[in-house]
Amino acid sequence: ADSYRKLGVAVAARDPKKGIEYKEKALKIALDNNCLDVAVRAYNSIGVSLPQRKRREPYEKGYELAGEVGDIWYRSRIAGNLAERMIDAGNIDKALLFAEETLALARKAGQLANISLGLGTFGYAYLVLGEWEKSQKWLEESWSIAQRLRAFQLMSGIMSVLGWLCVCRGEYVKAVEWFEKLSAHLEKAGAERGLPDLFPWLISAYIELGEIDKANNQIDILRKSAVETADEELAAITNTLKATVLRAQKKWDESIKLFEKSLQEWEALDVRKWFVYFFARYVLFEYARAYLERGQEGDREKAHSLLNQALEIFQKIGAKKDIEKVIAQKKLLTA
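Residues numbered from 1 in each chain as written. Predicted model: local features only at pLDDT ≥ 70, side-chain atom pairs only at ≥ 80, totals over all residues. Heavy atoms only, no water.

### Examining the packing of aromatic side chains
Logical step 1: As enumerated under the stated definition, the model contains 20 aromatic pairs in all.
Logical step 2: Look at Trp 266 and Trp 274: their rings are 6.2 Å apart centre to centre, the planes differ by 50°, and that puts the pair in the tilted class. Assigned by exposure class, Trp 266 and Trp 274 land together as buried.
Logical step 3: Taken together, Tyr 124, Trp 164, Trp 201, Trp 266, Trp 274, Phe 275, Tyr 277, Phe 278, Tyr 282 and Phe 314 form an aromatic cluster joined through their ring pairs.
Logical step 4: Note that Lys 18 overlies the ring of Tyr 22, its terminal NZ or CZ placed 5.9 Å from the centroid. (Phe/Tyr/Trp six-rings, centres within 6.5 Å; stacked < 30°, edge-to-face > 60°. Buried < 20%, exposed > 50% of the residue type's maximum accessible area, 1.4 Å probe, protein only. Lys NZ or Arg CZ within 6 Å of the ring centre and 35° of its normal.)

### Focus: empty space enclosed by the protein
The gaps of empty space that remain are located by a probe, the size of a water molecule, rolled over the atoms.
Logical step 1: The full count for this structure, using the stated rule, is 1 cavity of 30 Å³ or more.
Logical step 2: For the largest cavity, the calculated volume is near 70 Å³.
Logical step 3: Forming the boundary of the largest cavity are Leu 127, Val 128, Gly 130, Trp 132, Val 167, Cys 168, Tyr 277, Arg 281, Tyr 282, Lys 321, Asp 322 and Lys 325.
Logical step 4: Mapped by element, the contributors of at least two residues to the lining of the largest cavity are α7 (112-129), α9 (152-169), α15 (276-294) and α17 (320-334). (1 Å grid on protein atoms, 1.4 Å probe; cavity = no way out; pocket = protein on both sides within 12 Å on 5 of 7 lines; lining within 4 Å. Points joined across faces, edges and corners; volume = space filled by probe spheres on them. Helix = DSSP H or I, 4+ residues; strand = E, 2+ residues; numbered from the N terminus.)

### Some thoughts on the environment of Ser 255
Logical step 1: Checked against the element boundaries, Ser 255 lands in helix α14 (residues 252-268).
Logical step 2: A sequence separation of 36 residues divides Ser 255 from Tyr 291, and the C-alpha atoms of the two residues are 9.5 Å apart.
Logical step 3: The residues touching Ser 255, leaving out its near neighbours within four places in the chain, are Ala 243, Leu 246, Arg 247 and Ala 290. (Contact = heavy atoms within 4.5 Å.)

### Observations regarding the pattern of salt bridges
Logical step 1: In total, this model carries 27 salt bridges according to the counting rule given.
Logical step 2: For Lys 316, the salt bridge is made with Glu 312, and the minimal N-O distance between the two is 3.6 Å. Of the two residues, Lys 316 and Glu 312 both sit in helix α16 (residues 299-317), 4 residues apart, roughly one turn of that helix.
Logical step 3: The exposure class of Glu 312 is partly exposed, given its relative accessible area of 45%.
Logical step 4: Here the salt bridges do not stand alone but share partners, grouping Glu 208, Arg 247, Arg 281, Glu 286, Arg 289, Glu 293 and Asp 322 into one network. (Salt bridge = Lys/Arg side-chain N within 4 Å of Asp/Glu carboxyl O.)

### As for the layout of surface pockets
Logical step 1: Considering only enclosed or pocket space, the second largest pocket measures out at about 180 Å³ in volume.
Logical step 2: What lines the second largest pocket is a set of 13 residues, and nearest its centre among them are Glu 208, Arg 281, Tyr 282, Glu 286 and Arg 289.
Logical step 3: Where the lining of the second largest pocket is concerned, the elements lending two or more residues are α11 (195-209), α13 (232-248) and α15.
Logical step 4: The leading source of residues in the lining of the second largest pocket is α15, at 4 residues.
Logical step 5: Partitioned by chemical class, the residues of the lining of the second largest pocket number 5 nonpolar, 3 polar and 5 charged. (Nonpolar A, V, L, I, M, F, W, Y, C, P; charged D, E, K, R; others polar.)

Right, here's the structure in full:
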């Protein structure tokens with residue numbers, strides 16, 4: 001069973017579909033033969049490989065099973081992975097509980113890699129909450145450990161969140177530096193399949209810097225990857241980003257048409273259950289800006305509706321910086 005799991009991990013970089021097949025075979029063999037420790041590892045490996053919207057279930061099963069068999073390392077690791085899924089879903093309180101468990105177990109067992117994961121998860125949670133100084137503190141501590149361990153996956157994740165934090169702060173040049181550093185890190189390791197995960201934040205920075213050609217080049221790469229892998233999530237992200245570029249170019253009609261298409265794609269993927277913060281910040285809010293900036297008859301009402309939807313999500317999450325941004329945009333509507 002574990003040989004199939006390891007084979008799945010090995011081939012996942014070049015053939016994700018085949019990698020999942022091997023991992024699922026490993027899980028079946030492990031469960032059929034009561035090899036529960038291997039089943040825990042298989043659940044975690046499957047969760048890593050699945051599309052983001054499908055990761056929670058295998059993580060939850062692996063988390064429960066790790067508790068039953070007393071596997072502290074994987075209980076800690078999967079708790080951290082679940083914390084990230086809870087943040088994406090907008091359930092920050094539950095995410096912080098999982099992150100606390102990751103840290104407590106990892107510190108008890110002296111597991112530095114999982115300590116880094118737990119610290120980084122706190123950093124991600126505080127980024128979304130808009131407590132950026134706390135986020136920076138947690139992320140820097142996590143980054144220090146990950147660097148010392150030369151832990152590839154941890155370093156990749158932390159660089160991504162540090163870059164995103166810079167985007168949130170409006171430090172776009174610094175954000176690009178982080179993302180370009182991450183890109184080189186992935187390419188050096190032959191992990192180019194991880195590049196699409198960082199492109200949305202890099203493209204956002206390029207758009208804000210007015211570097212439209214660079215943004216479009218990265219979007220073209222994303223679109224090609226989405227087509228090759230039949231990735232519905234990536235296709236929706238690509239359309240959202242292209243709509244944002246068109247808005248920055250003041251091509252209002254094209255932008256609004258593509259925003260509406262991406263909105264429907266996200267809703268079809270039931271995004272409000274698994275990626276709600278991104279949806280509110282980069283779809284609803286940015287779509288509202290297109291109507292607000294175009295300013296034709298009826299646009300204020302449409303912008304107001306989108307901003308209210310985003311505000312409701314941000315208030316439920318407690319994302320105070322984003323609440324402030326929405327309120328500022330709503331004031332423009334009544335100015």
